[in-house]
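Overview (structure and organization)
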Amino acid sequence: MSAAPRDAPPRRWWRWWLIATAWWTLEGLTDAMSYDRMLRAAGESMPWELVLRGNMGSAWLWIPPTILALWVADRWPLERDGWPRRLGVYAAASVAVCVFRAVAVVLFNRWMAWYAELPGFGEILVTSFINNLLLFWMLLGVGHALVYARRYRERDEQLARAELNALRMQLHPHFLFNALNTVNAYVRTDPDTAERMIARLGQLLRHALAGGGGHEVPLEEELQVARAYLEIEQARFEDRLSVRWDVDPSTHAARVPSLILQPLVENAVRHGIAPRAAPGTIEIRAERRNGTLHLSVRDDGVGIAGGAPREGVGLGNTRARLRQLYGARQSLELAGEPGAGVCVRVTLPFRVEPT
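Residues numbered from 1 in each chain as written. Predicted model: local features only at pLDDT ≥ 70, side-chain atom pairs only at ≥ 80, totals over all residues. Heavy atoms only, no water.

With 19 residues, helix H8 (residues 219–237) extends 26 Å between its outermost C-alpha atoms, agreeing within 8% with the 27 Å of an ideal straight helix rising 1.5 Å per residue. When we look at burial in H8, the residues that qualify are Leu219, Glu222, Leu223, Val225, Ala226, Ala228, Tyr229, Leu230, Ile232, Glu233, Ala235 and Phe237. Directly after H8, the chain includes Glu238, whose backbone phi takes a positive value near 55°. (Helix = DSSP H or I, 4+ residues; strand = E, 2+ residues; numbered from the N terminus. Expected span 1.5 Å × (residues − 1). Buried < 20%, exposed > 50% of the residue type's maximum accessible area, 1.4 Å probe, protein only.)

Structural data, given as structure tokens:
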């Protein structure tokens, strides 16, 4: 659950009212049952209706102060600048809550029976400060925890969005030049191939430059982008590049990070197939295992010099995005041997868009 932002619409705050009501209702019921057991253990008795009424009334009176604590923490979170003023706001809110609780005791005691004989207001007020001040500050702490958690999540989302935008602009100029040169070569000799390459290039650029696709897309969309890229490269390399697809149809709807496959297949072409003269093959696999999605891109190209994996900007960017989006629920593994190609494996939680 996230803290309601400062400019939250009313329905967001209604959600917090419902949460607070449910929480304090449960608290009141628990306290009533505990108090009833305590009375029975001491050999005393009190009508259950009276026990329930008193405890539920006391619990429900905490609903408005809870919303106040969340709102104050959201509106004036404790920060380095201006903290004396903010502490003043917290103190004023604390006094208001303690006075509110004391006045409520005076007004509702005849129905709730908190006191057999109502003492003076001064004594009630002192008791209210003793009983309620610390709890209200604890609620302020909860509100701050929600605010800071929201800020942390928003910061991660901003970082992930910035890296995604950088990745969208990372279509290497040399790839574009090579693709256009290949199109130019086919325009007269094979117009159909040239036309097909132009269509694939347009598809790839539209997807890469689209800004509204969000962080995640269906795997089928990523596969289409990878196919468009590989068809362009196959036309450029002719018989030197073969592609093998092994994709479980049940994975097509799985949610994956946008542009997760294209950098992997591009690395396989550039660093695996392109440096050697002999034909090569790239294999793309996708399968579901026990609630996780497994993606892999394998090439049988030149491999990794010395057998020691070296992670470039593209893979480093992909690894960072995976970590920001999925935390510990993801993995990216890179393995390869000289002359035996490279395999990149990505593991993600298997999720589909709710229908």
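Resuming the write-up.
What follows concerns the pairing of strand E6 (residues 331–336). Side chains of E6 alternate between two faces, with Leu332, Leu334 and Gly336 buried and Ser331, Glu333 and Ala335 left unburied. Relative to strand E7 (residues 342–349), E6 is paired through six bridges, and the arrangement is antiparallel. Its bridge partner lying in E7, Leu332 is registered against Val346. Where E6 folds back on E7, the antiparallel hairpin that results is connected by five residues, among which Gly339 adopts a positive phi of roughly 75°. (Pairing = 2+ DSSP bridges.)

General note: in soluble globular proteins, nonpolar side chains tend to be found buried as a group. With 35 residues, the main nonpolar core has Leu219, Val256, Ile282, Leu293 and Val297 as its most contacted residues. Only H8, strand E2 (241–247), helix H9 (262–273), strand E4 (280–289), strand E5 (292–299), helix H10 (313–326), E6 and E7 provide two or more residues apiece to this core. For this core, the leading source of residues is H8, giving six residues. Excluding residues within four positions of it along the chain, Ile282 makes contact with Leu230, Leu241, Ser242, Val243, Arg244, Val265, Ala268, Val269, Ile273, Val297, Arg298 and Asp299. Ala59, Phe136, Leu139 and Leu140 belong to the second-largest nonpolar core, a separate cluster that totals 19 residues. (Core = buried A, V, L, I, M, F, W, Y, C linked by side-chain atoms within 4.5 Å. Contact = heavy atoms within 4.5 Å.)

Among the secondary structure elements, Asn109 is positioned in helix H4 (residues 83–112). Looking at Asn109, its side chain comes within polar contact range of the main-chain nitrogen of Tyr115, at 2.8 Å. Ignoring anything within four residues of it in the chain, the contact list for Asn109 reads Ala104, Trp114, Tyr115 and Leu118. (Polar contact = N/O pair within 3.5 Å; in protein donor to acceptor, adjacent residues only side chain to side chain.)

A word on the pattern of salt bridges. Taken as a whole, this structure holds 13 salt bridges when the rule is applied. Among the salt bridges present, the one from Asp300 reaches Arg276, with a minimum N-O distance of 3.7 Å. Taken together, the positions of Asp300 in the loop between E5 and H10 and Arg276 in the loop between H9 and E4 put the pair 24 residues apart, joining distant regions of the chain. Each of the salt bridges in this network shares a partner with another, and the network as a whole consists of Asp246, Arg285, Glu287 and Arg289. (Salt bridge = Lys/Arg side-chain N within 4 Å of Asp/Glu carboxyl O.)

What follows is about the packing of aromatic side chains. Scanning all chains against the criterion turns up four aromatic pairs. The interplanar angle of 90° and the centroid separation of 5.3 Å between the aromatic rings of Trp71 and Trp76 together place this pair among those described as edge-to-face. With relative accessibility at 38%, the residue Trp71 sits in the partly exposed group. Ring geometry for Tyr90 and Trp137: centres 6.0 Å apart, planes at 85°, overall edge-to-face. Separated by 47 residues along the polypeptide, Tyr90 in helix H4 and Trp137 in helix H5 (residues 121–168) bring together distant segments of the chain. Judged by relative accessible area, Tyr90 falls into the buried class, the value being 2%. (Phe/Tyr/Trp six-rings, centres within 6.5 Å; stacked < 30°, edge-to-face > 60°.)

Next up on the list: the packing of H8 against H9. Closest axis-to-axis distance for the H8/H9 pair is 9 Å, and the angle between their directions is 20°. One finds that H8 runs roughly parallel with respect to H9. As H8 packs across H9, the resulting crossing turns out to be right-handed. On H9, the residues touching Glu222, Val225, Tyr229, Leu230, Glu233 and Phe237 of H8 are Gln262, Val265, Glu266 and Val269. Its residues assigned to classes, the contact of H8 with H9 shows six nonpolar, one polar and three charged. (Axes fitted to C-alpha atoms, helices over the stretch in contact; angles between N-to-C directions. Parallel < 35°, antiparallel > 145°, perpendicular 65-115°, else oblique. Left-handed = near helix turned anticlockwise from the far one by under 90°. Nonpolar A, V, L, I, M, F, W, Y, C, P; charged D, E, K, R; others polar.)

So, about the confidence of the model for the protein. Of all residues in the protein, 84% have pLDDT values of 70 or greater, and the mean over the chain is 83. Here helix H6 (residues 173–189) stands out as the least confident element of the protein, with mean pLDDT 69; E5 is the most confident, with 95. In the predicted structure, residues 1–9 sits below a pLDDT of 50 and forms 24 contacts with residues beyond four places in sequence or in another chain. (pLDDT = per-residue confidence, 0-100.)

On to the sheet that holds E4, then. With mixed pairing, the five strands of this open sheet are ordered in space as E2-E4-E5-E7-E6. Single-partner strands in this sheet number two, and they are E2 and E6. Taking each pair of neighbouring strands and ignoring which way they run, the sheet shows an average axis angle of 10°. Pairing analysis gives seven bridges linking E2 to E4, with the strands arranged parallel. Paired with Asp246 across the bridge in E4 is Arg285. Across the sheet, H8 is in contact with E2, E4 and E5; its angle to E2 comes to roughly 165°. Together, E2, E4, E5 and E7 form the strand contacts of H9, whose direction differs from that of E4 by roughly 150°.

Below, the discussion takes up a nonpolar patch on the surface. Judged by side-chain polarity, Val95, Val99, Val103, Val106, Leu107, Phe108, Trp111, Leu118 and Phe121 come together as a nonpolar surface patch covering roughly 730 Å² of accessible area. Sorting elements by how many residues they give to the nonpolar patch places H4 first, with seven residues. With respect to the helices, strands and loops of the structure, Phe121 is situated in helix H5. (Patch = residues over 30% accessible without salt bridge, like charges linked within 9 Å, V, L, I, M, F, W, Y side chains within 5 Å. Areas by Shrake-Rupley, 256 points an atom, 1.4 Å probe, with all protein chains shown as cover.)

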